[in-house]
Structures are given as C-alpha cells and as structure tokens.
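Residues per chain, in single letters:
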Amino acid sequence: MATDSTVIRRARVLKRDAVTEEQDVLIVDGRIAAPGTDIPAEAAVIDAAGGVLLPGLIDAHVHLDGPDALAQLAQWGVTTVLDMGERAPQDLRASTGTALPAVLGAGLPATAPGGMHTHKMGFPTTSEIVSPDDAARFVRDRIEGGSDFIKIIVEDPKVPGTKALPPAILAALVREGHAAGKIVIAHVVTAAALDLADDAGVDVITHTPLDAQPSPERMAHLAERQVVLVPTLTMMGEAATSITSKLMFRVLMAVRIAPRLDYTHAQQLVRTFHDRGLTVLAGTDANTEPLVPARPVFGSSLHDELALLVAAGLSPAEALWAATGATATVFGLEDRGVVEVGHRADLVLVGADPTRDIAATRDIRGVWIGGERVR
Ligand SMILES: [Zn+2]
C-alpha cells in the first residue's frame, strides 16, 4: 500500500520562511509529485481545508528502546530520528518500512574506561577507548556495524567521580571518524568539556554546558569551524532541575566541588549560536533509561523542544527549520526536510500556521511517512 497515490487539496505549505497560499499537493510512489501529474482514479483525496502541510519532523537526538518508540514518534509527526547511542544494535532499521520513522544511528558511543555509560548504564566495555590506537578499532567497529555517525561522550575531568577521555584520544576519534567520512558528535554538559570537544575538532555539540558560557575566544573558534549545536533544551531543563534538587549535589555546589548548574546557560548558548548565524538543530534526548536525570517522552517532546527554541530566541519558522531542513542539510539527507517535488512524502498536516504560533504543531490532522498515511 506504500505506493498509493494521494491528493491533499487546499493545503498551505510551509517553506523555510513562510507559508504558501492554498494549493494541491500530490503524492505518487511515496514522493511529492509535480503539479499536473496524472493521478490514478483510485487515489486518496484529503481536504486540508487551509491547514498547513509541514515536512516530516526530524528529532536529532533520541535513544530508541524498540519499535513502540518509533510508532509513538510517528503519531507526533516525527518521521526521521537520529539515535545518539544505543547499548546494542537493535536492528530497528530492518523494521523501518514506510510506516515507521527512518532511523540513523551512532551505535555505541565512545567513552572513557570506567565511565558512567559502561559502569552504570549497561553499555559494553567495547565502548571504552583505552589509547589513541584503540580509537581506530572503535571507529572500524562502528563502520562495520552500520553506524551513520560517531558519538563521543566528552566528560569534564574536573567534575568529581568522572572518568574523562584525554585530548589525545578525543583527537584520534575525530581523526578516524573523519577518515571514514562520518560526522563526529560530542556529548558535552560543562564549559570545560565543550573546550575539549572543540579542540578535538568535533562537528556537532549535543547538550549544552550548564555551568558557564564558553569564553569569547572559544565562541569565535566554534563559529570559525561552523560547529553545529543540538542543545536538547528539553533534557537540559529537566536535568538541571532534577540534579540540583538532590541535597548532596546542592552541598557539593555550595562548597564549589560540583559545578553550579543552571538552565539559563543552555538558553544563552542557543541565543549566542543563533545571533552568530550558526546552525542549531532540534533534538530532545528522548529516552527510557532508568539512570539518566530525565526522560523526555518520544514524539511529544519534540513539540516541547520547538517551543523552548522559540523561548530561547529563534523565530517559529527558524525553530521549524531546526527540526526539518537544517537537520537534513547537516546530515546529508537530501530527500527530505522540505516539501518539494521529488522529495520523500514525509508530511505533517496541522490545523493552523505554526510560523505564527509554534504551539500549532501539536494540532496534528494527518501524518504521512513515505507517502503512507500513519495518522
Ligand atoms: Zn542522549
């Protein structure tokens, strides 16, 4: 049924900066067809009644736990996800036919020996990188396992109890990842970790420091290298609240052993990236891990993230671009992210114009993945 044809009548279409007049959008063989294309008589006809058709949303930071998560994402209009680290290959790609969101993934993340991911969160010790030479082994394993990009947990060695990969290993991981033609993404939650990640040459920072802003020199370096930010504001807000509510952590903060965590640092960094014209992408860190500070819900959290990006200074249209075309561009997904002829028919129909009020993305009237209606 995936090759069914569909005509969506009287739809306004979201472009990067604005919404068009009402028009008909044709879907043939899972792709958006040119106006005037012959449509079979049995094609489904949908009346959008002036609703707005968006490109399918892309969540640039999730941790999938199985096919149910994908089905839930689809119901919220999320048609592609980037998995930023999973314990074991779940072969979700095999199950991602046209009716479920597409998955790109990092596979195992690179971590320090004895780090939290392998010691507490159940990741295998093959995630641990013991030397610069071992970085080549790790990246080779990821490529053989089908990873689409490389993820590194970049920790701050000054935080008590934290195991951190040293600069030489971080640099080796980036070098090997780039040699394999992959984007390298760093998990970063303090300003010192951001410095380490940038010095190592990573392409994408995910999360944000919660303890301080980068120095002006650091910000200039990030801008010069056109580093991309996936701030996961949904996660950072919940994590800052959850961590700082623990008495022991408050004591450690008070005596300056632990960094002072504050969500406003996350918002400020987004504003700085945005003001400099750097790329910010929408990602939520949706997960069901018992040991992480917060568990954003698959699907609905991306709509939370859009609102948080707007609160941090993006216009609604810019926030929507951060969850569609910008992510497709950064990750080379040339067949999606915009509603254009020839692109995948990954579409979300909403009742009102989200460039006026971003909350309109929650008013979902229909979702198509590869031309197949899933809601
Ligand atoms: Zn994550």
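Use the structure listed above.
A few points on the structure. (Residues numbered from 1 in each chain as written. Predicted model: local features only at pLDDT ≥ 70, side-chain atom pairs only at ≥ 80, totals over all residues. Heavy atoms only, no water.)

## Considerations on the coordination of the zinc ion
Then comes step 1: Every protein donor of the zinc ion is listed here as His61 (NE2), His63 (NE2) and Asp285 (OD), and their distances to the metal cover 2.0 to 2.2 Å.
Then comes step 2: Mapped onto the sequence, the residues coordinating the zinc ion show the spacing H-x1-H-x221-D. Pair noted here: His63 is in the loop between strand E6 (57-62) and helix H1 (67-75) and Asp285 is in the loop between helix H10 (263-275) and helix H11 (300-311), with a separation of 222 residues, a long-range link.
Then comes step 3: Exposure remark for Asp285: the relative accessible area of 6% places this residue in the buried category. (Donors = N, O, S within 2.8 Å, 3.2 Å for Na, K, Ca; no water. Helix = DSSP H or I, 4+ residues; strand = E, 2+ residues; numbered from the N terminus. Buried < 20%, exposed > 50% of the residue type's maximum accessible area, 1.4 Å probe, protein only.)

## Points about helix H5 (residues 167-179)
Then comes step 1: In this model, H5 (13 residues) spans 18 Å end to end at C-alpha, consistent with the 18 Å of a helix rising 1.5 Å per residue.
Then comes step 2: All of the buried residues in H5 are Ile169, Leu170, Ala172, Leu173, Val174 and Gly177.
Then comes step 3: Contact partners of the buried residues in H5: helix H4 (132-144), strand E9 (150-153), strand E10 (184-187) and helix H6 (191-200).
Then comes step 4: Immediately beyond the C-terminal end of H5, within one or two residues, lies Gly181, with a positive phi of roughly 80°. (Expected span 1.5 Å × (residues − 1). Contact = heavy atoms within 4.5 Å.)

## Description of the sheet that holds strand E12 (residues 228-230)
Then comes step 1: Spatially, four strands are ordered E9-E10-E11-E12 in an open sheet, and the strand pairing comes out parallel. In the strand order of this sheet, the two ends are held by E9 and E12, each with one partner. Each adjacent strand pair in this sheet contributes to an overall mean axis angle of 25°, direction not counted.
Then comes step 2: By the bridge criterion, three bridges tie E10 to strand E11 (residues 204-206) in an arrangement that is parallel. Across the sheet, the residue bridging to Ala186 is Ile205, located in E11.
Then comes step 3: Contacts between H5 and the sheet are confined to E9 and E10, with E9 contributing the most and set at about 175° to the helix. (Pairing = 2+ DSSP bridges. Axes fitted to C-alpha atoms, helices over the stretch in contact; angles between N-to-C directions.)

## Describing the nonpolar core
Then comes step 1: Within the largest apolar cluster, 81 residues are counted, with the highest numbers of intra-cluster contacts made by Leu64, Ile152, Leu173, Ile205 and Leu309.
Then comes step 2: Look past the residues within four positions of Ile205 in its chain and what remains in contact with it is Ala186, Val188, Leu194, Ala197, Val227, Val228, Leu229 and Val230.
Then comes step 3: Membership of the second largest hydrophobic core comes to 17 residues, among which are Val228, Val230, Ala326 and Phe331. (Core = buried A, V, L, I, M, F, W, Y, C linked by side-chain atoms within 4.5 Å.)

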